[in-house]
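Chain residues, written in single-letter form:
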Amino acid sequence: MKRTLSKYAIALLPLLIAYMAGGTASVAAQETVKVGMPVPLSGAGASIGQRFQKAGEMAIEDLNKLAAGKMKFEAFVLDSKCSPDGAQTAAKKLILENNVNVMVGELCSDATLAIKDLAGQNKVPLVVPDSSAANITEKGNPYTFRIIPNEIQQHIALARVAVNYFKQKSFVVVYEQTSSGIGAGKAFIEEAKKLGATILDEIPLDRNSADFSAVVTHIKALKPEAISLTMLLDPSVRFVKTLYEQGVRLPVYDSIWWAYPLFEKLTGPASEHTVRELFYINTATEPVAADFTKRFEAKYPGETPDFNHAQFYAAVRLAGEVAIKNGASREAISKGLAVVKDYKSAIGPISFDAKGQSVMTVDNIMFIQTGKNGKIRLLDTVPDFNKKMILGF
């Protein structure tokens, strides 16, 4: 039997075609935001890079929910090895082959310094979650944005806490021979001297050294009141354990390089007497930080988030939210990042200055002191710890 369309179906046919075309156009119009993540999945920073990757995955999921179909976010993760060569290889592939809209990375400052100009030349916004070398932004470009204070800001503050609050007056300063390590050590030394303290020795080290025993023996003989130590997490754990094994029970100062509670877990009783500067801890009650902690623990049962997770999550979320608001193009994301002021993140408020450097305030920095059994004291809650007065801002 021959079938024919009724006059009603014929009348509705143009509407059906228009509807289908509109639906197709809607799907085609959805923008894909490719987020490149050059992070160390091997080498000296692998344990932190793996944390970055997990936090990045969580941020991408959250951004896709937030975009509500307007955009689709995809992560492209490559191993940068925490080295200049490894980072360049990863960044070139991300920019030239994967055609990413934005990059979030790296961990090691020398690796970030190796890719920031490549990103700038290709007008790809680079959001730096961790690397602290001052030259990343001081000699940067309009496409580089760092969400944490630089090494100088961090270690000036740390020296002020050591001298102005804890009243220590003699130090040995130890740092790894990298851009950020050298810069951090020098900043601590200069500020401590300005405040009237004495530097008994300045010791640059290779973070890949297998044995720190001789250096610790030398420090022990100098009898400092405290030690400033700036190295990546894994070598720092070995160094602090060596201090403990040789009976050295002195305050050891560091900034964000040793996330809590990971450092305490890895060093055990050797973590006692350490004083650290952080921008997030998992017990924080500030609403954005507390929400991040709760959702991370729900997504990764049995894991405790640390600063490394929080900072990478914050970097990816910031880049993604700017894309949702301003558009997915590289230029739109860059322009949106340039005007970020008081962005509420898991690591505190983020505002960029004209160089793309985040501004340090009393609201995005905290200090912790580790006691027995890894128990910490948040100095910000101690009655006599007047942070504004101690830090001078």
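This text gives an overview of the structure that appears in the document. (Residues numbered from 1 in each chain as written. Predicted model: local features only at pLDDT ≥ 70, side-chain atom pairs only at ≥ 80, totals over all residues. Heavy atoms only, no water.)

## Describing the sheet that holds strand S7 (residues 198–205)
Read from one edge of the open sheet, 7 strands run S7-S6-S8-S9-S10-S13-S14, paired in mixed fashion. Two strands lie at the open edges of the sheet, namely S7 and strand S14 (376–378), each paired on one side alone. Across this sheet, the average inter-strand angle for adjacent strands is 20°, counted without regard to direction. In the sheet, strand S6 (residues 170–176) pairs with strand S8 (residues 226–230) via 5 bridges, with the strands oriented parallel. In the sheet register, Val 172 faces S8, and the bridge partner there is Ile 227. (Pairing = 2+ DSSP bridges. Helix = DSSP H or I, 4+ residues; strand = E, 2+ residues; numbered from the N terminus. Axes fitted to C-alpha atoms, helices over the stretch in contact; angles between N-to-C directions.)

## Thoughts on unusual backbone geometry
Residue Glu 106 is bonded to the preceding Gly 105 through a cis peptide linkage, with omega at 10°. A positive phi angle, near 50°, is found at Ala 68, a position not held by glycine. One can find Ala 68 in the loop between helix H2 (46–67) and strand S2 (71–79). The exposed category is assigned to Ala 68, whose relative accessible area is 66%. The backbone of Lys 81 shows a phi angle near 65°, a positive value even though the residue is not glycine. Relative to the elements of secondary structure, Lys 81 occurs in the loop between S2 and helix H3 (84–97). (Buried < 20%, exposed > 50% of the residue type's maximum accessible area, 1.4 Å probe, protein only.)

## Digging into the nonpolar core
Residues Phe 73, Ile 147, Phe 171, Phe 239 and Ile 347 are the most contacted members of the largest nonpolar core, which totals 124 residues. Element by element, the count of residues in this core is highest for helix H12 (residues 307–326), at 12 residues. What Phe 171 contacts, discounting residues up to four positions off in sequence, is Ala 162, Val 163, Phe 188, Ala 197, Thr 198, Ile 199, Leu 200, Asp 201, Pro 224, Ala 226 and Tyr 253. (Core = buried A, V, L, I, M, F, W, Y, C linked by side-chain atoms within 4.5 Å. Contact = heavy atoms within 4.5 Å.)

## So, the packing of helix H11 (residues 287–299) against H12
Where H11 contacts H12, the axes come no closer than 11 Å and their chain directions differ by 105°. Taken together, the axis directions place H11 and H12 in an arrangement best described as roughly perpendicular. Residues Phe 292, Arg 295 and Phe 296 of H11 pack against His 309, Ala 310, Tyr 313 and Arg 317 of H12. The residue inventory of the contact of H11 with H12, partitioned by class, reads 4 nonpolar, 1 polar and 2 charged. (Parallel < 35°, antiparallel > 145°, perpendicular 65-115°, else oblique. Nonpolar A, V, L, I, M, F, W, Y, C, P; charged D, E, K, R; others polar.)

## Focus: the sheet that holds strand S4 (residues 126–128)
Strand pairing in a sheet is mediated by backbone hydrogen bonds. Such pairs are either parallel or antiparallel. Sheet architecture is open: 5 strands sit in the order S2-S1-S3-S4-S5, paired in parallel fashion. Edge positions in the sheet fall to S2 and strand S5 (144–146), since each of these pairs with one other strand and no more. In this sheet, neighbouring strand axes are inclined to one another by 20° on average, regardless of whether the strands run parallel or antiparallel. Bridge analysis of S4 against S5 gives 3 bridges, and the strand direction is parallel.

## Quick look at the packing of helix H6 (residues 151–165) against helix H7 (residues 179–194)
Between H6 and H7, whose axes approach to 8 Å, the crossing angle comes to 40°. Taken together, the axes of H6 and H7 are oblique relative to one another. Remark: the crossing between H6 and H7 carries right-handed chirality. The residues of H7 that touch H6, namely those facing Glu 151, Ile 152, His 155, Ile 156, Leu 158, Ala 159, Arg 160 and Ala 162, are Ser 179, Ser 180, Gly 183, Ala 184, Ala 187, Phe 188, Glu 191 and Ala 192. Its residues assigned to classes, the contact of H6 with H7 shows 9 nonpolar, 4 polar and 3 charged. (Left-handed = near helix turned anticlockwise from the far one by under 90°.)

## Quick look at the state of the cysteines
Where two cysteines share a covalent bond between their sulfur atoms, that bond is called a disulfide. Inspection of every chain in the model, using the stated rule, returns 1 disulfide. Disulfide pairing is shown between Cys 82 and Cys 108; the S-S distance is 1.8 Å. Since a negative S-S torsion denotes a left-handed disulfide, the Cys 82-Cys 108 link at about 90° is right-handed. Residue Cys 82 is found in the loop between S2 and H3, and its partner Cys 108 is found in the loop between strand S3 (102–104) and helix H4 (109–121); the two are separated by 26 residues along the sequence. A relative accessible area of 6% places Cys 82 in the buried class. (Disulfide = S-S within 2.5 Å.)

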